[in-house]
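So you can see what is in the structure, the chains are spelled out below.
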Amino acid sequence: MSKRYDQYCPVCHALGLVGERWALLVVRELLRGPKRYTDLLEGMPGIGTNVLAARLRELEEGGVVRKRKLPPPAASTVYELTEYGQELEEPLYALARWGARTLGPPDKEEELYPDWGLNAFAGLMDPEAARGVKETYVMRIGDEAYTVELADGTVHVDHGATEDADLDAEMSMETFYRLAGEEVATRAALHEGLVKLAKGKPATLDRFFSIFNFAPRPLVSA
């Protein structure tokens, strides 16, 4: 571990494994599958090559990440999460939802990280609210479009728009952020022209944001 604390505590132990700067962003990048070193550099603008190498080494030592060589013809080395590392998915998504509530939507000068929607929709989904729902949504947010397939508490996200969708909605990133943060109601956003529906009903839009949002998840009581 790269950092130790003078007390026996699982939080301290976890921070020793993934508490260094950039470590959780490496995990974020690997949640969607194995990546090469150059892919990781591209996905995290601003990280130095020496810092990335150090984080990968520390995460390997902690059993969070492993290195694997692909067979020919690829024959390249990739990094991937171990089974233990993959268990960081929900803690990382919970941290993202918590941070999003005070972050605010991006300014025009700020760029979202590449493929942001592939993680974002999975992180915003409330499994309890999604239980029993089977629908496909096309979300056109700013210049990007994502297809979000929901099936009884699991979600699959792809780039682009499918024609076979229950809902096809277009909005700005600011509007999406306000809807996910429950700062504006879906019906009000439709009435004000902030959301345009190419397909689907207002009730389906209501359901989407009742499932995908920044709200804290309730603790399971005994």
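Definitions and cut-offs
Each chain carries its own residue numbering, running from 1 in the written order of its sequence. In keeping with the predicted nature of the model, local features appear solely for residues at pLDDT of at least 70, side-chain atom pairs appear and are counted solely at 80 or more, and the whole-chain, interface and lining totals rest on all residues. Neither water nor hydrogens contribute to the side-chain values; these are computed over all heavy atoms in the structure. Between any two strands, at least two bridges found by DSSP are needed for them to pair. Secondary structure is summarised from DSSP: a helix means a run of H or I of at least four residues, a strand means a run of E of at least two, and numbering begins at the N terminus for each. Axes, fitted as lines to C-alpha atoms, cover a helix only where it is in contact. Angles between the N-to-C directions of the axes lie from 0 to 180 degrees. A contact between two residues is defined here by any heavy atoms of the two lying within 4.5 Å. Residue exposure (1.4 Å probe, protein chains only): buried if accessible area is under 20% of the type maximum, exposed if over 50%, otherwise partly exposed. Side-chain rings of Phe, Tyr and Trp (the six-membered ring for Trp) are treated as a pair once their centres are within 6.5 Å; stacked means planes under 30 degrees apart, edge-to-face means over 60, and tilted covers the remaining angles.

### Observations concerning the sheet that holds strand E7 (residues 195-199)
The strands making up a sheet associate through hydrogen bonds between their backbones, and the pairing can be parallel or antiparallel.
Then comes step 1: With respect to topology, five strands assemble into an open sheet ordered E5-E4-E3-E6-E7, the strand pairing being mixed. Edge positions in the sheet fall to strand E5 (154-159) and E7, since each of these pairs with one other strand and no more. On average, each strand axis in the sheet is inclined to that of its neighbour by 20 degrees, with strand direction left out of account.
Then comes step 2: Helix H9 (residues 173-180) contacts strand E3 (134-141), strand E6 (167-171) and E7 of the sheet and is inclined by roughly 115 degrees relative to E6.
Then comes step 3: Packing against the sheet, helix H11 (residues 202-211) makes contact with E3, strand E4 (144-151), E6 and E7, and its axis sits at approximately 90 degrees to E3.

### Things to note about the pairing of strand E2 (residues 77-81)
Then comes step 1: When you tally the buried positions in E2, you get four out of five residues, the bulk of the element.
Then comes step 2: Sheet topology places strand E1 (residues 65-69) next to E2; five bridges connect them, and they run antiparallel. Across the sheet, residue Arg 66 finds its bridge partner in E2, namely Glu 80.

### Focus: the pairing of E3
Then comes step 1: Buried residues dominate E3, accounting for six of its eight residues.
Then comes step 2: With eight bridges connecting them, E3 and E4 associate as antiparallel partners. Pairing of Thr 136 across the sheet is with Glu 149, part of E4.
Then comes step 3: Count of turn residues in the E3/E4 antiparallel hairpin: two residues, of which Gly 142 carries a positive phi of about 65 degrees.
Then comes step 4: As defined by bridge partners, E3 adjoins E6 across five bridges and the pair is classed as parallel. Paired with Met 139 across the strands is Ala 169, a residue of E6.

### Section: unusual backbone geometry
Then comes step 1: For Trp 22, which is not a glycine, the phi torsion comes out positive at approximately 80 degrees.
Then comes step 2: By relative accessible area, which is 15% here, Trp 22 ends up buried.
Then comes step 3: In this structure, Asp 152 takes a positive phi of about 50 degrees despite not being glycine.

### Observations concerning helix H7 (residues 116-124)
Then comes step 1: Counting buried residues in H7 gives eight out of nine residues, a clear majority hidden from the surface.
Then comes step 2: Residues Trp 116, Gly 117, Leu 118, Asn 119, Phe 121, Ala 122, Gly 123 and Leu 124 constitute the buried set of H7.

### What to know about the packing of aromatic side chains
Then comes step 1: Applying the stated criterion across every chain yields a total of 13 aromatic pairs.
Then comes step 2: For the ring pair Phe 121 and Phe 208, a centre distance of 6.3 Å and an interplane angle of 65 degrees mean the geometry is edge-to-face. One end of the pair, Phe 121, is in helix H7; the other, Phe 208, is in helix H11, and 87 residues separate them in sequence.
Then comes step 3: Judged by its relative accessible area of 0%, Phe 208 falls in the buried class.
Then comes step 4: Among the aromatic residues, those joined into a ring-pair cluster are Trp 116, Phe 121, Tyr 137, Tyr 146, Phe 176, Phe 208, Phe 209 and Phe 212.

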